[in-house]
Amino acid sequence: MNAMARYLTLLLLIHAPVLLAQDAPEQSEIILEEASTQEHVIPDPEIPVSTPVAPVAPVETPEPPPWQAREDALWDLLRDSRLDALDSAVDELEHDYPQWRAPARLELLAAQARQRRAIDAVRDDPAALVAMANQYPARFSCREIGNLWDVAEAYRALGEKDAAAGIYQRILAECENDAHRLTTLQKSVGLMNQDHYLRSLDRESARRDVRDPTLDRMRLDGYRAAATAATKDKDWSRALEYMGLIDPLVVDQRDVDGARLNAWCLRETGGPAEAAVWLERVYAWTSDSAVRAELARAYIEA
């Protein structure tokens, strides 16, 4: 190697570290920038982060008491109304397991079932049934409406009509079932005094959101019967007062008897023109020649 070549080689060896050092900062800056970026990354909330789950200790199921299966069988006996078998099974459990006690709910329902059985046994004996009503008043309520109806009829059979009427009035005042109250009104015919019965019909009608055809018919029949009774005493005004409360029903149901009763009362009180209005309705509904003759008479008198 000549002198010039050795000189150039020496220069390269001397300046190589400096050249490398000039490139190093750029590389180090890249490394530092990547590290800084990674340190300031914000976690994405949409990405679930797994967390360590502590192991769950197994739950130990306690062993049922030795009498459990036999206690469960008691409910089946109660459901089947096998009360004698239920009593025997309870006695056996108490003997075999002195620490065992029958569930309070089972005892309550069994006592109620025994009361119902006792009531059923005397249902055809009015005096005994009345005694049961006094002994077990909870069994004679709106929830057991048949018992209330039966004890009312028991009082009626014993000649205690006021007591029977009192039971029916209680049902009408306390029981929420519309059908039960309607049946009660049907059963109470002849027990309540006339005006009380008619007021009960009106109250029941006012309670209904929708008109009931059976109740309408009962009101029509009841008020017409009251008006007819008033005419026997020639109390025409009283009769017209009763009929005035059901005039719309007389027209709606084309009640010939009610319309003729109205005409009769009006004619007796000096209102032949008003009487003719009702007779016109009767003739329109029936085309009866006898009614036509009555109508002609009313026209003459008017």
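Residues numbered from 1 in each chain as written. Predicted model: local features only at pLDDT ≥ 70, side-chain atom pairs only at ≥ 80, totals over all residues. Heavy atoms only, no water.

Draft legend 1. The nonpolar core, seen in detail. One finds F140 and I171 to be the most contacted residues of the largest nonpolar core, which totals 55 residues. Counting 15 residues, the second-largest nonpolar core is a separate cluster that includes V90, Y97, L106 and A113. (Core = buried A, V, L, I, M, F, W, Y, C linked by side-chain atoms within 4.5 Å. Buried < 20%, exposed > 50% of the residue type's maximum accessible area, 1.4 Å probe, protein only.)

Draft legend 2. Main features of the pattern of salt bridges. In total, this model carries 24 salt bridges according to the counting rule given. R123 is the partner of D120 in a salt bridge, and the nearest nitrogen-oxygen pair spans 2.5 Å. Among the salt bridges present, the one from R208 reaches E204, with a minimum N-O distance of 2.8 Å. An identical accessibility class is assigned to R208 and E204; each is buried. (Salt bridge = Lys/Arg side-chain N within 4 Å of Asp/Glu carboxyl O.)

Draft legend 3. Seen up close, the environment of L182. You can see L182 is positioned in helix α8 (residues 178-187). A relative accessible area of 11% places L182 in the buried class. When the C-alpha positions of L182 and E204 are compared, they lie 8.0 Å apart, and in sequence the two are 22 residues distant. Here L182 is in contact with R208, D212, T214, L215 and M218, once residues within four sequence places are set aside. (Helix = DSSP H or I, 4+ residues; strand = E, 2+ residues; numbered from the N terminus. Contact = heavy atoms within 4.5 Å.)

Draft legend 4. Representation of a negative patch on the surface. Residues D91, E92, E94 and E107 make up a contiguous surface patch of negative charge. For the negative patch, the leading source of residues is helix α3 (residues 83-96), giving three residues. For E94, the location among the structural elements is in helix α3. According to the relative accessible area criterion, E94 is partly exposed, its value standing at 40%. (Patch = residues over 30% accessible without salt bridge, like charges linked within 9 Å, V, L, I, M, F, W, Y side chains within 5 Å. Areas by Shrake-Rupley, 256 points an atom, 1.4 Å probe, with all protein chains shown as cover. Lys, Arg positive; Asp, Glu negative; His and termini not counted. Charge placed at Lys NZ, Arg CZ, Asp CG, Glu CD.)

Draft legend 5. Molecular detail of the environment of D96. Relative to the helices and strands, D96 resides in helix α3. Between the C-alpha atom of D96 and that of W67, which follows or precedes it by 29 residues, the distance is 8.9 Å.

Draft legend 6. Structural view of empty space enclosed by the protein. Across all of its chains, the model carries one cavity of 30 Å³ or more by this definition. Here the largest cavity defines a volume of roughly 40 Å³. Surrounding the largest cavity, S205, R208, V210, R211, D212, L215 and D216 form its lining. (1 Å grid on protein atoms, 1.4 Å probe; cavity = no way out; pocket = protein on both sides within 12 Å on 5 of 7 lines; lining within 4 Å. Points joined across faces, edges and corners; volume = space filled by probe spheres on them.)

Draft legend 7. Layout of the environment of R123. For R123, the position within the fold is in the loop between α4 (104-121) and α5 (126-135). Residue class for R123 comes out partly exposed when judged on its relative accessible area of 26%. Expressed as a C-alpha distance, the spacing of R123 and D150, which sit 27 residues apart in the sequence, is 7.5 Å. When residues no more than four places from it in sequence are discounted, the contact partners of R123 are L129, G146, N147 and D150. Here N147 takes part through its side chain, which lies 3.0 Å from a polar atom of the side chain of R123. (Polar contact = N/O pair within 3.5 Å; in protein donor to acceptor, adjacent residues only side chain to side chain.)

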